Structure formats: C-alpha cells, structure tokens
Amino acid sequence: MPLKVLKICRYCGGVIRLVPAAAIYGTAAAKRLELEQEWIYQCQNCNARVGCHKGTTRPLGDVANESLRLKRIETHRVFDSFWRSRRMTRSQGYRWLSAQMGLSKRRTHIGGFEMDQCQQVIDLCTNFNEEEAA
Ligand SMILES: [Zn+2]
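Residues numbered from 1 in each chain as written. Predicted model: local features only at pLDDT ≥ 70, side-chain atom pairs only at ≥ 80, totals over all residues.

A. Seen up close, the overall build of the protein. Regarding its fold elements, the protein presents five helices and three strands. Along the chain direction, N to C, the helices and strands of the protein fall in the order β-α-α-β-β-α-α-α. Relative to the compact-globule value of 14 Å for 134 residues, the protein shows a C-alpha radius of gyration of 16 Å, a close match. Principal-axis analysis of the C-alpha atoms gives the protein an extent of 50 × 30 × 25 Å. A burial count over the protein gives 24% of its 134 residues as buried. Once local pairs closer than 6 in sequence are excluded, the contacts in the protein between residues at least 24 apart make up 47%. (Helix = DSSP H or I, 4+ residues; strand = E, 2+ residues; numbered from the N terminus. Rg over C-alpha atoms; globule rule 2.2 N^0.38 Å. Buried ≥ 20, exposed ≤ 12 C-beta atoms within 10 Å, placed from the backbone. Contact = placed C-beta atoms within 7 Å.)

In structure tokens form, the structure reads like this:
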C-alpha cells in the first residue's frame, strides 16, 4: 500500500510543503538532534507536521497537530525507556513492537502513529511491565 501523498493539511486544508528540518528547528538544534539531513512535511498555515524516514522524503505518517505531536513525544519516551530497561537494543525493541501491534517493521514508526496507536504502545509497555512485576 503506497503512503498517502501529503499535499493538503488534514486539519485546516492548508498547503503542506517539504522543508529541511533545520528550517524548523534551527541549524544548531537540527545538528544536535542529528536531523541536519532530514526533511519535514509542514502545513504552511497551521504548522501541523511530520518527519520522514531517515535520509528520505518519505513521510512517517500523516501530519500531526500540537496535541498529536505531544502524544508522539510522550509515546517515544515511554517506549524508549521500556526497551532500555529491558536491555534490548533499539531494533529489538522495534521488532517486539511490530509483532505486538501486527504491523510491518516499515510501518512501525511512532513518529507516524495516530492517537490510538500511540495509546496502544503506551498500554503495551505499561501492561508488559506490570505483568513482569506481578
Ligand atoms: Zn494545517
């Protein structure tokens, strides 16, 4: 299934453009975040945005407004601390997550997840930790 082409913002109908990450975060921050080579789709009207698969202009998912961006960030934090605390590598963590969610590895990117998928990740990590502790 081809990824949807991002041209029109799903929130406001504004025009989406592909911009270098440095244009959004600033050159210094982009460098620190290792995003200097990366691209971001950004709505020119409401600032909804989404990143791309590393080194490509292929979007990770649909653009996110501020509340979805915050949810994606929170989900990343929960998931990263989950696999780290279990002494997994990042790629082992993602393999576990794709299996749990029934998604291909290529579609398992929190940066492209919707609200419900983000919550699913948080629940999976939380429940897994609780079962271990029980
Ligand atoms: Zn918009």
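B. Structural detail: helix α5 (residues 115–133). Spanning 19 residues, α5 covers 27 Å between terminal C-alpha atoms, matching the ideal 27 Å at 1.5 Å per step. Every buried residue of α5 is listed here: Cys118, Val121 and Cys125. When α5 is viewed along its axis, its buried side chains cluster within an angular range of 60° and face the same direction. Set apart from the buried face of α5 by more than 90 degrees, the exposed residues are Asp116, Asp123, Asn127, Glu130 and Glu131. Of the surrounding elements, those touching the buried residues of α5 are α3 (66–85) and α4 (90–101). (Expected span 1.5 Å × (residues − 1). Arc of directions from axis to C-beta.)

C. Layout of unusual backbone geometry. A positive phi angle, close to 55°, is found at Glu34, a residue other than glycine. Residue position: Glu34 is located in the loop between α2 (27–32) and β2 (39–43). Its identity as a non-glycine residue notwithstanding, Arg87 has a phi of 55°, on the positive side. Tracing the sequence through the fold places Arg87 in the loop between α3 and α4.

Interpretation note: all reported values are geometric properties and have no functional meaning in isolation.
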